[in-house]
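Here is how the chains run, residue by residue.
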Amino acid sequence: MTLKLKNLDKHLKLFLAVYLFTLTAGVSIGVLFVRHTTHMSTEGVIERFNGSQSGDDFEIKETYPKPVSELIITTHNHILGLSFVFFTVGLIFYFNSVIGGKWKIFFMAEPLISLLISFGSIWLIRFYNPSFVYLTFISSLLMFASFYVMVAVSFFEICFIKK
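Draft legend 1. Spatial organisation of the overall build of the chain. The helix and strand tally for the chain stands at 5 helices and 0 strands. Expressed as lengths along the three principal axes of its C-alpha atoms, the size of the chain is roughly 70 × 25 × 25 Å. Scored against the burial criterion, the 163 residues of the chain give a buried share of 35%. Looking at the chain alone, contacts between residues at least 24 apart form 71% of all its contacts between residues at least 6 apart. For the chain, the exposed area adds up to about 10,100 Å²; of that, 71% sits on carbon and sulfur atoms. Positive and negative charge centroids in the chain, built from 13 and 10 side chains respectively, lie 22 Å apart.

Structure below.
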């Protein structure tokens, strides 16, 4: 018999459900922070990394161009933290019986790939060309959509599908 989420002990199911709920709350708060700081617009993301464009040298800018040291620590923290989040959710998702085959592998691998692309593209926005903001948007959308699909499917099976 293959291990499936629906066949787990009720106590382990409860633990996994609470864990998934808590991770989802944390990731969602991060998305809200991005919304708050960028207004989910291309201009907002570009300004976040390249700084405000102000005509007056004496005006205090709302945002400043991010220095290399800040981009390094931001990239480091997010790649380490989110890769662990996506790994654990992917591991739980692996044992679902709702989605299988190539789609299962896609949803498990996609957030990790998009994580590298998303945080690589903010470097490209800052130091090469602001047009890479579109790559940031697409990869981030895929990353978080995959995360939420994996959580929803896993949570659904844990809570609603019986042995």
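Past the structure itself, the notes keep going.
Draft legend 2. Geometry of the nonpolar core. Of all hydrophobic cores here, the largest spans 30 residues; its most connected members are Phe86, Val89, Phe93 and Phe147. Going through the elements one at a time, α1 (10-38), α2 (42-50), α3 (68-94), α4 (101-127) and α5 (133-160) are the ones with two or more residues in this core. Sequence-distant contacts of Phe93, that is, excluding residues within four places in its chain, are made with Ile99, Lys104, Phe107, Met108, Met150, Val153 and Ser154.

Draft legend 3. Representation of the packing of α4 against α5. Two elements in contact, α4 and α5, have axes whose closest approach is 8 Å; the angle formed by their N-to-C orientations is 155 degrees. Accordingly, the angle class assigned to the pair α4 and α5 is roughly antiparallel. Crossing of α4 against α5: the hand is left-handed. The residues of α5 that touch α4, namely those facing Phe106, Phe107, Met108, Glu110, Pro111, Ser114, Leu115, Ile117, Ser118, Ser121, Ile122 and Ile125, are Val133, Leu135, Thr136, Ser139, Ser140, Leu142, Met143, Ser146, Val149 and Met150. Partitioned by chemical class, the residues of the contact of α4 with α5 number 14 nonpolar, 7 polar and 1 charged.

Draft legend 4. Geometry of the environment of Ser41. Here Ser41 lies in the loop between α1 and α2. At a separation of 2.9 Å, a polar atom in the side chain of Ser41 contacts the main-chain amide nitrogen of Gly44.

Draft legend 5. Highlighting the layout of surface pockets. The computed volume of the largest pocket comes to approximately 790 Å³. Considering the residues around the largest pocket, the lining is formed by 30 residues, among which Gly30, Val34, Phe119, Ser140 and Phe144 are closest to the centre. For the lining of the largest pocket, the elements supplying multiple residues, two or more each, are α1, α2, α3, α4 and α5. Here the lining of the largest pocket gets 8 residues from one element, more than from any other, and that element is α1. In terms of residue class, the lining of the largest pocket is made up of 16 nonpolar, 11 polar and 3 charged.

Reading the values: rules and limits
Residue positions are given per chain, counting from 1 as you read along its sequence in written order. Confidence filtering applies because this is a predicted model: local features only for residues at pLDDT of at least 70, side-chain atom pairs given and counted only at 80 or more, and all residues used for totals across whole chains, interfaces and linings. Side-chain metrics rest on all non-hydrogen atoms present in the structure, leaving aside hydrogens and water. Secondary structure elements are defined from DSSP: runs of H or I of at least 4 residues count as helices, runs of E of at least 2 residues count as strands, and each element is numbered from the N terminus. Burial classification: accessible surface area is computed with a 1.4 Å probe over protein chains only, and a residue below 20% of its type maximum counts as buried, one above 50% as exposed, and the rest as partly exposed. For this analysis, residues touch if any pair of their heavy atoms sits within 4.5 Å. For the accessible areas, the method is Shrake-Rupley and the probe is 1.4 Å, while residue cover comes only from the protein chains on display. Think of it this way: Lys and Arg go in the positive column, Asp and Glu in the negative one, and His and the chain ends go nowhere. In plain terms, the charge of a residue is placed at NZ if it is Lys, CZ if Arg, CG if Asp and CD if Glu. To define a nonpolar core, start from buried Ala, Val, Leu, Ile, Met, Phe, Trp, Tyr and Cys residues and group those joined through side-chain atoms within 4.5 Å. Axis definition: a line fit to C-alpha positions, over the contact stretch in the case of helices; interaxial angles, taken between N-to-C directions, run 0 to 180 degrees. Should an angle lie under 35 degrees it is considered roughly parallel, over 145 roughly antiparallel, and from 65 to 115 roughly perpendicular; all remaining angles are considered oblique. Crossing handedness is defined as follows: a turn of the near helix away from the far one that is anticlockwise and smaller than a right angle gives a left-handed crossing, while the clockwise case is right-handed. All amino acids are sorted into three groups, where Ala, Val, Leu, Ile, Met, Phe, Trp, Tyr, Cys and Pro are nonpolar, Asp, Glu, Lys and Arg are charged, and the leftover types, Gly among them, are polar. In protein, a polar contact means a hydrogen-donor-capable atom and an acceptor-capable atom, both N or O and within 3.5 Å, with residues adjacent in sequence counting only if both atoms are side-chain atoms; elsewhere, any N or O pair within 3.5 Å suffices. Points on a 1 Å grid over protein atoms alone make up a cavity when a 1.4 Å probe fits among them but cannot get out, and a pocket when they form an open set with protein on both sides within 12 Å along at least five of seven lines; lining residues each have an atom within 4 Å of a point. Grid points are joined across faces, edges and corners, and a volume is the space filled by probe spheres set on the points.

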